[in-house]
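Results of the structural survey
Here are the chains, one letter per residue:
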Amino acid sequence: MHEEKVLILDFGGQYKELIARKVRECQVYCEVKPASMPIEAIRSGGYSAIIFTGGPASVYEEDAPSCDPEIFQLGLPVLGICYGCQFMAKTLGGRVEAAETREYGRRELEVDNQSPLFAGLASELDCFMSHTDQIVELPAGFVSIAKSETCPNAAIESREKKFFGTQFHPEVEHTSQGKEMIRRFLYDVCGFKGDWKMSSFIDREVEAIRRQVGDRKVFCALSGGVDSSVAAVLVHRAIGSQLTCVFVDHGLMRKNEGDEVEAVFKEQFSMNFIRVDAEERFLTALQGLRDPEAKRKAIGETFIRVFEAEAEKLKDCDFLVQGTIYPDVIESGGGDAAVIKSHHNVGGLPEDMHFDLIEPLKSLFKDEVRKLGLELGIPEMLVMRQPFPGPGLGIRVLGEVSKEKLDLLREADYIFREEIAAAGLDRQLGQYFAVLTEQRSVGVMGDGRSYDYLLALRAVETHDFMTAEFAHLPYELLDRVSRRVINEVGQINRVVYDVTSKPPATIEWE
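As the structure is a computational prediction, the values presented were derived from the model and not from experiment.

Definitions and limits used
- Starting from 1, residues in each chain are numbered consecutively following that chain's sequence as written.
- Only residues with pLDDT of 70 or above have their local features reported here, since the model is predicted, and side-chain atom pairs are shown and tallied only from 80 upward, although totals for entire chains, interfaces and linings are computed over all residues.
- As a convention, hydrogens and water are excluded, and side-chain values are obtained from all of the structure's heavy atoms.
- Whether two strands pair depends on DSSP finding at least two bridges between them.
- In this description a helix means any DSSP run of H or I spanning at least four residues, a strand means any run of E spanning at least two, and both kinds are numbered starting from the N terminus.
- An axis is simply a line fitted to the C-alpha atoms; with a helix, the fit covers only the stretch in contact. Between two such axes, the angle follows the N-to-C directions and lies from 0 to 180 degrees.
- Here a residue-residue contact requires only that any non-hydrogen atoms of the pair lie within 4.5 Å.
- Site definitions follow a grid-based scheme: protein atoms alone, a 1 Å grid, a 1.4 Å probe that fits but cannot get out for cavities, and for pockets an open set with protein on both sides within 12 Å along at least five of seven lines, plus lining residues having an atom within 4 Å of a point.
- Grid points are joined across faces, edges and corners, and a volume is the space filled by probe spheres set on the points.
- Charged means Asp, Glu, Lys or Arg here, nonpolar means Ala, Val, Leu, Ile, Met, Phe, Trp, Tyr, Cys or Pro, and polar covers whatever is left, Gly included.
- Relative accessibility under 20% of the residue-type maximum defines a buried residue, over 50% an exposed one, and the middle range a partly exposed one, all with a 1.4 Å probe and only protein chains included.
- With its strands directed away from the observer, a crossover is right-handed exactly when the path from the first strand over the helix to the second travels clockwise.
- In what follows, roughly perpendicular refers to angles from 65 to 115 degrees, roughly parallel to angles under 35, roughly antiparallel to angles over 145, and oblique to any angle outside these ranges.
- Helix crossings get a hand from a simple test, with the near helix turned counterclockwise from the far one by less than a right angle marking a left-handed crossing and a clockwise turn marking a right-handed one.

Taking strand neighbours across the sheet as the criterion, the five strands line up as β12-β11-β10-β13-β14 in an open arrangement whose pairing is parallel. Where the open sheet ends on each side, the last strands, each with one partner, are β12 (272-277) and β14 (356-358). Each strand of the sheet is rotated relative to its neighbour by a mean of 30 degrees, with strand direction disregarded. Across four bridges, the pairing between strand β10 (residues 217-222) and strand β13 (residues 317-321) is parallel. Residue pairing across strands places Val218 opposite Phe319, the latter belonging to β13. Of the strands in this sheet, β10, β13 and β14 touch helix α5 (residues 198-213), which is tilted by about 165 degrees from β14. Running over the sheet, helix α9 (residues 292-313) touches β10, β11 (243-249), β12 and β13 and is turned about 145 degrees from β10.

Rendered as structure tokens:
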């Protein structure tokens, strides 16, 4: 039981999980629940503070998301963010209207650093705005503690009641010192000390897995990536030999990865480990498919069918473990968030699958998964390896997938990753990989004309994978990669570098 527990009420915000991540980084336990959560459940939930998320609606609309107004009578500190701030203001007697000037992206903020929310911070900060409405009249007892050029009530407070609100998003990386604002709310306003650690997460999840599984048997969908590997070891800690890991070698992995994965799990952890050669089956399922969503769903369904076939050989398997993490859920349209792309381990599951799911990492972000992996004793080389999408190279070969294209991409991607590591940048970058495009272009190879593929390189810097900036790689590094790819791989005669950030792009191309 946690003495310090924050309830995050979700009004449909795209960034709700980022709020949770920031709270956990401050070593405070939190739970994300829908705004419709009954007041009785909130009252009996043992919560010490409440945070309202943002959301896409307008608070003055008839069907706008809301929570029970009695929440403001519980005597708990409240932090409202964006829509949550507007909801609090309107519910307590203020007025919210459509703004004359909408605010999106970075804005300069002037703050009152006498407020506990900004104490010790600079008086001028950059923040991330994303709103079309504004608070035009404050509720009784509230004062403005921040303003932008076009938003006079960019942050508000009722210090006596410990109610605070920000029109901007302190949870995103684009808000300078945003995490410090959340920390000040938790520590200076709520009086928390920070009692939640990764070891607490392990203990809680192990107990939850044991309760869910009982004495039954479990399959793990082991892809060999960081997420599924950490999920496998966590579940193995909980139920031991009841777990069988099925590693599907789908022919869509990076160079040498299949053998590396098998060595770690069979030799170090002594798990029940089955390696299935399913390359031909996946290539057949992908034949003729060009649309990325169709490819993702085909790969996801084939994964499940392969696991079902293996389950028939091992009787009485009732559960399937997956390495689903927070960004997967968000981008697949979890809650009321917009669907950006479906993930094979979320949106691609067939409706008639025969397993109940165990997803022990679905509340964690990538960096938290890595910390958990190290805590569980997984080798650093596996935990810190480059993130790899569930559909593998199937979505990094644009258009129709073939073995020939996969082999080309495998070699080119290996060269790129090798040069990144040689330059000492492998731990500084959030993600980096190559994409084999459908585009062919004319080139000159030797004394002859060539008409070969265009390869795109992608490298980003990110902490949460929700937003990312393209990495400013040295030209000398890009030159070495380009020369090596063209000289060593063949059938590629042009290499380009992607300089787009997220948003507007996603990290992956498909």
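Here the focus is the environment of Ser48. Mapped onto the elements, Ser48 comes out in the loop between α2 (39-43) and β3 (49-52). It is 24 Å that separates the C-alpha atoms of Ser48 and Pro139, two residues lying 91 residues apart in sequence. Setting aside anything within four residues of it in sequence, one finds Ser48 in contact with Glu3, Glu4, Lys5, Leu76, Pro77 and Phe192.

In this section: unusual backbone geometry. With an omega of -15 degrees, the peptide bond between Lys502 and Pro503 qualifies as cis. Along the chain, the position of Pro503 falls in the segment after β18 (492-497). Put simply, Pro503 and Pro504 share a cis peptide bond, and its omega is 15 degrees. Its location among the elements puts Pro504 in the segment after β18. Located in the positive-phi region is Cys82, a residue other than glycine, with phi close to 55 degrees. With respect to the helices and strands, Cys82 occurs in the loop between β4 (78-81) and α3 (83-91). Its identity as a non-glycine residue notwithstanding, Asn256 has a phi of 70 degrees, on the positive side.

The space that makes up the second largest pocket amounts to roughly 450 Å³. Taken together, 16 residues make up the lining of the second largest pocket; nearest its centre are Met381, Arg385, Gln386, Arg417 and Tyr432. Listing elements by their share of the lining of the second largest pocket, those giving two or more residues are α7 (257-268), α12 (380-383) and α13 (403-422). Considering every element that reaches the lining of the second largest pocket, the biggest residue donor is α13, with four residues. Of the residues that constitute the lining of the second largest pocket, the class distribution is five nonpolar, one polar and 10 charged.

Here Gln439 lies in strand β15 (residues 431-445). Residue classification places Gln439 among the partly exposed positions, given a relative accessible area of 47%. For the pair Gln439 and Tyr453, spaced 14 residues apart in the sequence, the C-alpha separation amounts to 6.0 Å. For Gln439, the contacting residues outside a window of four places in its chain are Asp452, Tyr453 and Leu454.

Bridge count between β11 and β12: six bridges; the pairing is parallel. Paired with Val248 across the strands is Val276, a residue of β12. In this view, the connection linking β11 to its parallel neighbour β12 by way of α7 has right-handed handedness.

Next up on the list: the packing of α13 against helix α14 (residues 475-488). At a closest axis distance of 10 Å, the pairing of α13 and α14 adopts a crossing angle of 150 degrees. With respect to each other, α13 and α14 are oriented roughly antiparallel. By crossing handedness, the relation of α13 to α14 is classed as right-handed. Facing Ala412, Ile415, Phe416, Glu418, Glu419 and Ile420 of α13, the residues of α14 in contact are Leu477, Arg480, Val481, Arg484, Val485 and Glu488. Counted by class, the contact of α13 with α14 contains seven nonpolar, no polar and five charged residues.

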